[in-house]
Amino acid sequence: MTATTFKPRVFSGIQPTNHLQLGNYLGAVKRFVEMQNTGVETVYCIVDLHAITTWQDPADLRHATRELAAGYIASGLDPKRSILFNQSQVPGHAQLAWIFNCVARVGWMNRMTQFKDKAGKNAENASLGLYAYPSLMAADILLYKATQVPVGEDQKQHLELTRDIAAKFNHDFKVDFFPITEPVIEGAATRVMSLRDGSKKMSKSDPSDASRINLTDDANAIAQKFRKARTDAEPLPDTVDGLKDRPEARNLVNIYAALAEISPDAVVSQFAGQGFGAFKPALADLAVAKLAPIADEMSRLMADPAEIDRILGGGAERANAIAQPILDDVYDIVGMIRSRQI
Ligand code: AMP
Ligand code: TRP
């Protein structure tokens, strides 16, 4: 079989649960915008079907979906250049996920660490959807035959599973239909850590609000949180090697680097020998300068929810136009009769 070349296409998604935090912004949204600006075709999704794998209050879900759309746009995502939509408006995601539920193996799902983390001690009581979550994620990506997926470090295992599902489908049906998607996990901020504990990932679901910077935080809150961020008593070293075994210091340097769009090496050489008394205010100023305009634009956009819904509807139509022919081919490959006149 000659290898098929697939058209370059970028896909990624974020769950509409709680507010966007700095880790989502630096590890995901900012990278999405950079990829959009390279001119490649980009499809960005608000994964509301994934969100309901854990309980979501319906009114909160609607609000979080619009707020995430506003966050994407305020960060520079242009709904004309990228396709921006919420997952449930394109039925192919759920349809392809079912096919993949029949391709993926139970043993593969049992290895997923995110399921173990999210299900906690009482895995018997987790939703069936939470267990099948990675199969829906593979469907999101492969419904568009996406070749590249920008994500933070924590999604690596799910992307490996996506590649396994694509390969097994191609193998079982003797086709070269799905691409083996490349994860794009790059930059200084692929894993932004909690400001309170350098061994824990910054997360929207951490009970301590002081552990994260929310995109909706005002200048005061941002400055306060960086001032109180846990660090050690040493000054900054001359090179990044000196940050080994200093996870909190390393995290703040990485955040600075990603916000300033310079390397962590350049940050330490700029601040070498200075203590956190000097570095933290500089970091807070930089963060406020970069994030405050995004927060302002988000609240401006949120004042007109009908316009956000219109943008999502338009994006869903464009997404569906790519997805439907691919789904039709999948059904045909699998052996489903399609004779209904539409
Ligand atoms: P989620 O909020 O779990 O839907 O994550 C959305 C995107 O943000 C994914 O690509 C994650 O990998 C990324 N992400 C979430 N938290 C962090 C973090 N602390 N550091 C870097 N990337 C993150
Ligand atoms: N699982 C991802 C997260 O928690 C969200 C997601 C769903 C996603 N579908 C995707 C990311 C497809 C990339 C591509 O962050």
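Residues numbered from 1 in each chain as written. Chains lettered and ligands numbered in written order. Predicted model: local features only at pLDDT ≥ 70, side-chain atom pairs only at ≥ 80, totals over all residues. Heavy atoms only, no water.

*Asks:* Help me out: how do you make sense of the packing of aromatic side chains in this one?
*Replies:* For any pair of aromatic rings, the description consists of the separation of the ring centres together with the inter-plane angle of the planes. On inspection of all chains with the given rule, the structure shows 14 aromatic pairs. For the pair Phe-169 and Phe-173, a centre-to-centre distance of 4.8 Å together with 45 degrees between the ring planes defines the contact as tilted. For Phe-169, a relative accessible area of 0% gives the class buried. Given a relative accessible area of 29%, Phe-173 falls into the partly exposed group. (Phe/Tyr/Trp six-rings, centres within 6.5 Å; stacked < 30°, edge-to-face > 60°. Buried < 20%, exposed > 50% of the residue type's maximum accessible area, 1.4 Å probe, protein only.)

*Asks:* So what exactly am I meant to see when it comes to the site of ligand 2 here?
*Replies:* Taken together, 13 residues lie around ligand 2, and Gln-15, Tyr-133, Met-137, Asp-140 and Gln-155 are the ones closest in. Between ligand 2 and Gln-15 there is a distance of 3.3 Å, counted from an oxygen atom to a side-chain nitrogen or oxygen. Note that a nitrogen atom of ligand 2 is positioned 2.6 Å from one of the side-chain N or O atoms of Tyr-133. When the free accessible area of ligand 2 is taken as 370 Å², the share hidden by the protein chains comes to 90%. Those elements that provide at least two residues to the shell around ligand 2 are strand S1 (9-14) and helix H7 (128-142). A breakdown of the residues in the shell around ligand 2 according to their chemical character gives seven nonpolar, five polar and one charged. (Near = heavy atom within 4 Å. Polar contact = N/O pair within 3.5 Å; in protein donor to acceptor, adjacent residues only side chain to side chain. Areas by Shrake-Rupley, 256 points an atom, 1.4 Å probe, with all protein chains shown as cover. Helix = DSSP H or I, 4+ residues; strand = E, 2+ residues; numbered from the N terminus. Nonpolar A, V, L, I, M, F, W, Y, C, P; charged D, E, K, R; others polar.)

*Asks:* What's the story with the pattern of salt bridges in this structure? I'm lost.
*Replies:* Pairs can form between side chains of opposite charge once their charged atoms are near each other. Evaluation of the coordinates by the stated rule reveals 19 salt bridges. Glu-248 is the partner of Arg-230 in a salt bridge, and the nearest nitrogen-oxygen pair spans 3.5 Å. Residue Arg-230 is located in the loop between helix H9 (219-228) and helix H10 (247-260), and its partner Glu-248 is located in helix H10; the two are separated by 18 residues in the primary sequence. In this structure, Arg-310 engages Glu-307 in a salt bridge whose closest nitrogen and oxygen atoms are separated by 2.9 Å. (Salt bridge = Lys/Arg side-chain N within 4 Å of Asp/Glu carboxyl O.)

*Asks:* Sorry if this is basic, but what is going on with the domain arrangement of the chain here?
*Replies:* Think of interface size as the accessible area that goes away when the parts come together; that is how it is often given. Domain boundaries in the chain define domain 1 (9-190 + 304-334) and domain 2 (209-300). Look at where the C-alpha atoms of domain 1 and domain 2 centre, and you get two points 29 Å apart. On the domain 2 side, the residues contacting the 15 residues of domain 1 number 18 residues. Carbon and sulfur atoms supply 74% of the area that domain 1 and domain 2 bury against each other, a total of about 1300 Å² over both sides. By the criterion of area lost to domain 2, the three top residues of domain 1 are Leu-22, Ala-74 and Ala-188, representing 38% of everything that side buries. Along the contact surface separating domain 1 from domain 2 lie one salt bridge. Across the pair Glu-261 and Lys-30 runs a salt bridge, and its minimum N-O distance is 2.9 Å. Connecting domain 1 to domain 2 are three residue pairs in polar contact (both at pLDDT 80 or more). (Domains from an automatic or database assignment. Contact = heavy atoms within 4.5 Å. Buried area = accessible area lost by both parts, 1.4 Å probe.)

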